[in-house]
Every structure is written in structure tokens, then in C-alpha cells.
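# Summary of structural features
Single-letter residue listing:
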2 protein chains.
Amino acid sequence: MAKRKGKYTVVFDDPPGVRESAAVGSKKESEGPLAQAFDVINEDSYFGEKTWEKAESRMQETAINKALEKAQLSSADIDCIFAGDLLNQCVGSTYGIRALGMPFIGLFGACSTMAESLAVSSVFLEAGAVTRAVACTSSHFCSAERQFRLPLEYGGQRTPTAQWTATAAGAAVLEKGEVGPFVRAVTIGTIEDLGITDANNMGAAMAPAAAMTLKHFFEDTGTNPSNYDLIITGDLGKVGTDLLRELTLKDGYDLEHHHTDCGLMLYDLEKQDVHAGASGCGCSASVMCGHILPLIRRGTLNEILFVATGALMSPTVVQQGESIASIAHLVYLSSKKTGGRV
Amino acid sequence: MAKRKGKYTVVFDDPPGVRESAAVGSKKESEGPLAQAFDVINEDSYFGEKTWEKAESRMQETAINKALEKAQLSSADIDCIFAGDLLNQCVGSTYGIRALGMPFIGLFGACSTMAESLAVSSVFLEAGAVTRAVACTSSHFCSAERQFRLPLEYGGQRTPTAQWTATAAGAAVLEKGEVGPFVRAVTIGTIEDLGITDANNMGAAMAPAAAMTLKHFFEDTGTNPSNYDLIITGDLGKVGTDLLRELTLKDGYDLEHHHTDCGLMLYDLEKQDVHAGASGCGCSASVMCGHILPLIRRGTLNEILFVATGALMSPTVVQQGESIASIAHLVYLSSKKTGGRV
């Protein structure tokens with residue numbers, strides 16, 4: 001059984017473990033500092049398909065199949081897959097998963113989906129509702145740009161606060177057992193909205209959500225940033241990271257020496273001309289599944305807070321004058337099944 | 001703890017109960033056979049807002065607040081809300097919930113969302129991850145038409161197989177305890193796709209998903225249609241219902257005397273000119289939350305299978321030639337906490 005700690009946090013008695021994970025990327029991802037973290041790179045951004053939406057589905061399917069292969073499992077071994085993405089009606093996931101025959105829980109958390117899918121699948125495992133699960137998400141620069149901003153053909157100039165949507169996917173296979181990293185606790189996010197209306201400044205819109213979820217977790221557990229090897233948010237980029245550190249400092253938590261952001265890691269911000277950093281569900285998904293989870297498995301990192309952030313707006317409501325509502329879900333990952341911080 | 005029964009079904013040891021539920025509708029819903037089932041009717045389809053998307057959010061917020069009021073609870077009593085809808089990026093839910101301050105798990109299941117949200121919240125309750133939850137969804141005729149089909153101003157003619165998207169929302173408050181109806185078991189759906197490409201024939205696209213989930217549940221539990229007072233699908237409408245009965249008969253299950261569909265109940269198909277019936281997340285949500293759950297609470301109905309169906313496509317992928325992938329999630333509801341069929 002899980003138990004609640006404080007008002008917002010769920011702690012697992014028998015923490016589920018991430019048996020394996022995999023990351024898929026494309027050309028730009030292969031030119032960044034985390035190139036080696038990707039299990040599969042396809043320099044063709046169409047991934048052999050005829051449209052970018054189908055490419056994104058193919059990418060998600062590839063990530064799932066790669067994670068299963070690494071775990072020496074087949075899709076029939078999975079009781080349920082938890083996935084979602086940024087595309088309208090989450091078609092990156094639904095059409096990516098269609099051929100696999102797995103029971104499917106569709107999630108919507110925008111760029112927070114990797115944390116949301118890890119959290120929800122962990123609760124299902126803890127409940128005994130499933131014995132083995134996959135958590136998965138993706139994003140694609142081209143499908144996202146044309147859906148959320150402008151047609152690529154328009155060649156619109158990007159603002160300094162803009163982030164670059166990653167063309168990437170990540171998938172993790174979870175089960176109960178002695179193989180970690182272990183999901184020790186989760187804090188489900190609340191919707192925060194400080195009134196940002198600029199769809200080219202997602203980092204600023206999402207930082208308050210990350211700050212609120214971290215505050216909830218630290219209060220609930222009586223811990224603070226120095227208790228963790230790394231607090232990794234995603235995807236705030238440069239603008240959002242500065243704002244997050246300012247906001248958390250006001251709450252009495254100094255992140256400076258314990259924090260990084262997936263949006264600052266995936267690309268070289270200067271050389272790759274990505275302005276404020278990376279974004280998209282696939283950014284934190286690939287950074288976690290390809291880079292951080294293996295580091296925890298090897299014991300290089302031990303106590304990690306993963307706080308994925310998502311902007312919950314649609315172009316339609318922003319055109320109607322709405323501000324950008326955001327959310328952040330937190331997953332506490334540890335190399336150890338017991339002890340630790342909760 | 002939950003336990004798995006067969007390959008697809010989850011049975012609850014300490015079944016969560018639906019403490020209260022509420023349904024909200026608009027003018028057309030108030031003229032149908034289930035008019036009395038609605039807690040709130042607002043004949044203004046804008047619900048006092050300036051756009052249909054904002055109207056849908058307002059409707060969802062109204063349903064949640066009404067369910068909380070009937071349960072004599074406030075939003076602070078809720079550990080997590082599980083919600084989603086048909087709009088791009090689920091903005092019906094996210095902007096409807098924004099002001100409530102509840103931790104939020106965003107779901108995407110298209111018109112299957114009411115069953116998905118009941119299923120996922122029940123697993124969270126069973127795990128001990130939450131002690132009280134809300135499950136919620138909505139749809140709006142005007143926001144759905146312009147997003148999925150044509151601008152209303154175009155005045156496009158509707159085909160005989162078309163269904164009418166309900167302008168409605170439903171919300172349920174769940175907790176562990178002695179108050180039912182009780183969620184006794186759930187079967188998470190798999191994605192089915194028999195190649196239908198007509199976005200005006202959703203019933204036919206979704207029927208195979210309902211048939212598959214029912215087959216999984218009956219096989220897993222060793223039960224059959226005659227063990228239940230009512231099997232209620234949603235939202236297949238007339239075309240989909242005929243096809244479902246044909247498909248299940250091939251599997252050896254005769255639904256004829258034990259089955260109805262939410263899409264056949266909400267409107268008078270002849271008098272209200274809705275062609276093949278009702279559809280939309282709000283259809284099965286309002287039929288369940290306003291009509292069926294109260295009937296189970298009063299003991300008029302005792303053993304119910306609720307099988308909500310969703311079409312997972314987006315207009316973009318359909319324009320790219322994709323067929324309509326569908327899913328159906330099943331929730332077994334009973335007036336009794338023990339005994340029964342599992």
C-alpha cells in the first residue's frame with residue numbers, strides 16, 4: 001500500500017523499480033551534449049513516414065520497443081501502458097501504441113507527461129492493479145511548431161525566450177522487484193497560473209508550477225534541496241530556471257547547487273541556436289530515460305527529484321485571451337529501495 | 001490491494017464507493033427523456049462566458065462544485081481530481097479545474113473519459129494514494145463541432161450516421177467507505193481499429209473496442225451478460241449499438257436483453273433530430289452521474305457494467321488518411337460492496 005505524507009505526497013511501501021528505459025532522438029539531438037544517451041537516433045525527422053505526426057507516433061513506438069528489448073520483454077508481458085503527448089488528442093501516443101495490443105491509459109500533462117506517467121504507473125503497480133507497466137511520451141519539433149505556433153514554411157523569427165521542442169521520445173518499463181531506480185514517492189501537481197500570456201515564453205509560465213510542487217514536497221517530507229544529489233526540472237529552459245530559483249528562494253529553499261533543468265541539458269544553447277533551451281514532452285523524457293535513469297542505476301546518482309513541468313494551454317484559448325495554466329508533477333527516484341529521504 | 005483477474009481485469013479488495021455525483025446540461029439536454037436527471041441546466045449554451053471553450057470549462061467546474069456540494073465537501077477535501085475532455089490539450093478540464101486548487105491528473109480517453117477517470121481514481125483509492133477523489137469530464141456541441149468537423153456557421157448537413165455531441169458534464173466524488181455504488185472491478189481497454197475512416201460514423205469505429213473490452217471482462221471473470229442488470233455502453237448510438245451486438249454475438253455473448261447505450265438515452269432520436277444518437281464525453285458522463293449512479297444508490301439497479309468508448313483520432317491524422325483508432329474502458333459497479341460477480 002501507498003501512504004499519504006502531508007497534504008500532497010504519496011510514499012510507496014514497496015517502491016516500483018524502473019527495469020529498463022530507452023530514448024529515441026533525431027539529428028539535432030545527436031549533435032547535442034547528450035548524444036550518447038540516445039539508444040536510437042534517426043537523422044530523418046520523418047522517421048520513414050510521410051507526415052510529422054506519423055513520425056512522432058513511429059518515434060514513440062520505437063522507444064517502447066527498444067525499452068522492451070533492453071528489458072528482454074515483449075509487449076505481451078506488459079499489463080498496461082501509460083502515455084500521452086502534446087499533439088491534439090494525443091495522437092502521438094494513440095497511433096504509436098495502436099499496433100502493440102497493450103491496455104492503454106491515456107494521459108494529458110503536456111511536457112509534464114514523463115513524470116505523470118511514471119507517477120500513475122507507480123500507483124497502479126503499488127495497488128497491485130498491474131504487475132508490469134510502460135510509461136512513455138514524445139514530442140516532435142515540426143508537429144509541435146505547426147500546431148502551437150506557425151507553419152514551418154512561414155519562417156517566423158523566434159524570440160529570445162523561445163525554447164526548441166525536442167524531437168525525441170522516452171519509454172520506461174516499471175515493475176516491482178529488486179532492480180532500481182526505485183520510485184519512492186510522488187507529488188501530484190496543482191494547476192498554477194500567474195497570468196503569463198506569451199506562448200513564446202513557456203519557461204516563465206511553468207516555473208511557478210515547479211516552485212509550488214517542490215514546496216509541497218519539501219513541506220510534506222520535511223526535507224530540503226541539500227538532501228538530494230540532483231533536483232531536475234523540465235523543461236523550464238534558461239528563463240524559467242532563473243525564475244524558479246527566485247521563487248523557491250522566497251519559499252526558503254536554495255536550489256542553486258542542487259538543481260538543473262532538462263531544457264538546459266539536451267542542446268548546447270549557444271552553438272545549437274536554441275535560444276532559451278529545449279522543451280517538449282520528449283525533452284525531459286529522453287533526458288530521464290536515456291541519461292538520468294541509467295546514472296541512478298549505475299549508482300553515479302542516488303537521490304533524485306524529477307519535476308516535469310507542463311503548460312496546459314491550447315492555441316485556441318490563448319487566442320481567446322486566456323493566460324497559460326501550468327502544472328508540475330514530482331517523482332522522487334532513488335538507487336535504494338529503502339532508507340533514503342521518506 | 002487490488003488483484004488481477006485473468007489477463008485484463010483488476011478486482012478491488014476494498015472497493016471504492018461513489019459518495020455523490022452530479023450532472024450539468026444545456027437546452028437540448030433539458031428537452032430530452034433524461035431532463036430530470038440533471039442537477040443543473042443552463043439554457044444559455046455559453047454558460048455566461050464569451051466563448052464555447054470557456055463555456056465548457058465553466059460547465060465542468062459547475063459539475064464538480066455541484067457534486068462536492070451534494071457530498072457536503074469542499075475542494076480542500078479532495079486529494080486529487082482525475083479529468084479530461086475532447087478539446088485540444090484538454091482545456092475543458094484544465095481551465096475548469098484551475099481555480100479549485102486540487103492536485104490534478106489529466107487524462108485523455110476521448111468519450112471513454114468518464115470510465116477512464118472512474119477506473120484510475122479507483123486504483124488510486126485502492127492503493128491508498130488518495131483518500132478522496134473526483135472523476136470528471138465534459139463535452140460541448142459547439143466547441144466539438146468546430147474543432148472536429150466544420151464551423152457551425154457553415155451549416156453543413158449532417159449524415160444519417162452522425163451523432164450529436166452532448167453539451168453536458170458529469171462529476172463523481174469517490175472515497176472508501178460504506179456508501180455505494182461501489183467500483184468492484186475495472187478492465188482497461190486496448191486500442192482497436194477496424195479501418196473506419198468516416199469521422200461522421202464514430203459509432204461504427206468504436207463498437208469493436210467495446211466488443212473487445214467486454215470479451216476480455218467476460219473471459220477474465222467467467223461471467224456473461226445475463227449476470228448483470230444492465231450493460232451500458234457509451235456512446236455508440238444506433239449504428240454502433242447494432243454493430244456491437246453483432247460483434248459480441250460472434251464472441252458468444254448475447255447482449256440484446258441486457259444492454260443499452262448512453263447515446264440512445266440522452267435524446268429522443270426522432271423528435272430531437274439527432275440522427276444516430278448522442279455522443280461526446282459529456283453524454284456518458286451525464287447519463288452515469290445524473291441517472292445511472294443514483295439508480296444504483298437507490299437499489300433500482302444492482303449489477304452494472306459501464307463500458308465507455310472513445311475515438312482516439314484527431315482531424316489532422318484523419319486528413320492524413322489514418323483510420324479511427326478507438327478504445328473502451330469498463331467499470332463494474334455494484335450496489336453491494338461484497339458478493340456479486342467477482
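Residues numbered from 1 in each chain as written. Chains lettered and ligands numbered in written order. Predicted model: local features only at pLDDT ≥ 70, side-chain atom pairs only at ≥ 80, totals over all residues. Heavy atoms only, no water.

## Describing the overall build of chain A
Counting its secondary structure elements, chain A contains 10 helices and 15 strands. Taking 342 residues into account, the globule formula puts the C-alpha radius of gyration at 20 Å, and chain A, at 18 Å, falls close to it. Taking the principal axes of the C-alpha coordinates as reference, chain A spans close to 55 × 50 × 35 Å. Expressed as a percentage of its 342 residues, the buried residues of chain A come to 68%. Here the contacts in chain A between residues at least 6 apart in sequence split such that 77% fall between residues at least 24 apart. With the model as given, the accessible surface of chain A reaches about 10700 Å², and the carbon-plus-sulfur share is 47%. (Helix = DSSP H or I, 4+ residues; strand = E, 2+ residues; numbered from the N terminus. Rg over C-alpha atoms; globule rule 2.2 N^0.38 Å. Buried < 20%, exposed > 50% of the residue type's maximum accessible area, 1.4 Å probe, protein only. Contact = heavy atoms within 4.5 Å. Areas by Shrake-Rupley, 256 points an atom, 1.4 Å probe, with all protein chains shown as cover.)

## A short note on the environment of B:Asp13
All names here are of chain B. On the secondary structure map, Asp13 appears in the loop between strand S2 (9-12) and strand S3 (17-25). C-alpha separation for the pair Asp13 and Lys27, spaced 14 residues apart in sequence, amounts to 42 Å. Beyond its immediate sequence surroundings of up to four residues, Asp13 is in contact with Met1, Lys3 and Glu126. Only 2.9 Å separates the side chain of Asp13 from the side chain of Lys3, close enough to count as a polar contact. (Polar contact = N/O pair within 3.5 Å; in protein donor to acceptor, adjacent residues only side chain to side chain.)

## Here's the deal with the pattern of salt bridges
All names here are of chain A. Tallying each qualifying case throughout the model produces 42 salt bridges over all chains. Between Asp14 and Lys176 there is a salt bridge; the shortest N-O distance is 3.5 Å. Of this pair, Asp14 sits in the loop between strand S2 (9-12) and strand S3 (17-25) while Lys176 sits in the loop between strand S9 (168-175) and strand S10 (182-187); the two residues are 162 residues apart in sequence, bridging distant segments of the chain. According to the relative accessible area criterion, Asp14 is partly exposed, its value standing at 30%. (Salt bridge = Lys/Arg side-chain N within 4 Å of Asp/Glu carboxyl O.)

## With respect to empty space enclosed by the protein
If you walk through the whole model with that rule in mind, you get 8 cavities of 30 Å³ or more. By volume, the largest cavity amounts to about 160 Å³. Around the largest cavity sit 14 residues that line it, and B:Leu86, B:Cys111, B:Arg149, B:Met202 and B:Ser279 are the ones nearest its centre. Mapped by element, the contributors of at least two residues to the lining of the largest cavity are helix H5 (141-148) and helix H6 (202-221) of chain B. Tallied by class, the residues present in the lining of the largest cavity amount to 9 nonpolar, 4 polar and 1 charged. Counting the residues that make up the lining of the largest cavity, at least three belong to each of domain 1 (2-175) and domain 2 (182-334) of chain B. Volume-wise, the second largest cavity comes out at about 130 Å³. Lining the second largest cavity, in full, are A:Leu86, A:Cys111, A:Ala144, A:Phe148, A:Arg149, A:Thr165, A:Met202, A:Met206, A:Ser279, A:Gly280, A:Ala311 and A:Met313. Where the lining of the second largest cavity is concerned, the elements lending two or more residues are helix H5 (141-148) and helix H6 (202-221) of chain A. Classifying every residue of the lining of the second largest cavity by side-chain character gives 8 nonpolar, 3 polar and 1 charged. Both domains that furnish three or more residues to the lining of the second largest cavity are identified here as domain 1 (2-175) and domain 2 (182-334) of chain A. (1 Å grid on protein atoms, 1.4 Å probe; cavity = no way out; pocket = protein on both sides within 12 Å on 5 of 7 lines; lining within 4 Å. Points joined across faces, edges and corners; volume = space filled by probe spheres on them. Nonpolar A, V, L, I, M, F, W, Y, C, P; charged D, E, K, R; others polar. Domains from an automatic or database assignment.)

## A short note on unusual backbone geometry
For the bond from A:Gly234 to A:Asp235, the omega torsion is 5 degrees, close enough to zero to count as cis. On the secondary structure map, A:Asp235 appears in the loop between strand S11 (230-234) and helix H7 (237-250). Residue B:Pro181 is bonded to the preceding B:Gly180 through a cis peptide linkage, with omega at 5 degrees. Note on placement: B:Pro181 falls in the loop between strand S9 (168-175) and strand S10 (182-187). Backbone geometry at A:His275 places phi at a positive 60 degrees, although glycine is not the residue there. Within the element layout of this structure, A:His275 appears in the loop between helix H8 (262-265) and strand S13 (278-279). Look at B:Ala110: it is not a glycine, yet its phi comes out positive at around 50 degrees. Topologically, B:Ala110 is positioned in the loop between strand S6 (104-106) and helix H4 (113-127). Its relative accessible area of 0% is what places B:Ala110 among the buried residues.

## Side note on the domain arrangement of chain A
Residues and elements named next belong to chain A. Its domain assignment divides chain A into domain 1 (2-175) and domain 2 (182-334). Computed over C-alpha atoms, the centres of domain 1 and domain 2 are 17 Å apart. Of the residues lining the interface, 61 residues belong to domain 1; the matching set on domain 2 comes to 60 residues. Together, the buried faces of domain 1 and domain 2 total about 4600 Å²; carbon and sulfur atoms form 62% of this surface. If you sort the residues of domain 1 by the area they bury against domain 2, Tyr8, Cys111 and Gln163 come out on top, with a joint share of 16%. Residue Glu20 pairs with Arg297 through a salt bridge whose shortest N-O separation is 3.9 Å. Put simply, domain 1 and domain 2 have 23 residue pairs in polar contact (both at pLDDT 80 or more) between them. Those elements giving two or more residues to the side of domain 1 that touches domain 2 turn out to be S2, S3, helix H1 (27-30), helix H4 (113-127), strand S7 (132-139), H5, strand S8 (164-165) and S9. (Buried area = accessible area lost by both parts, 1.4 Å probe.)

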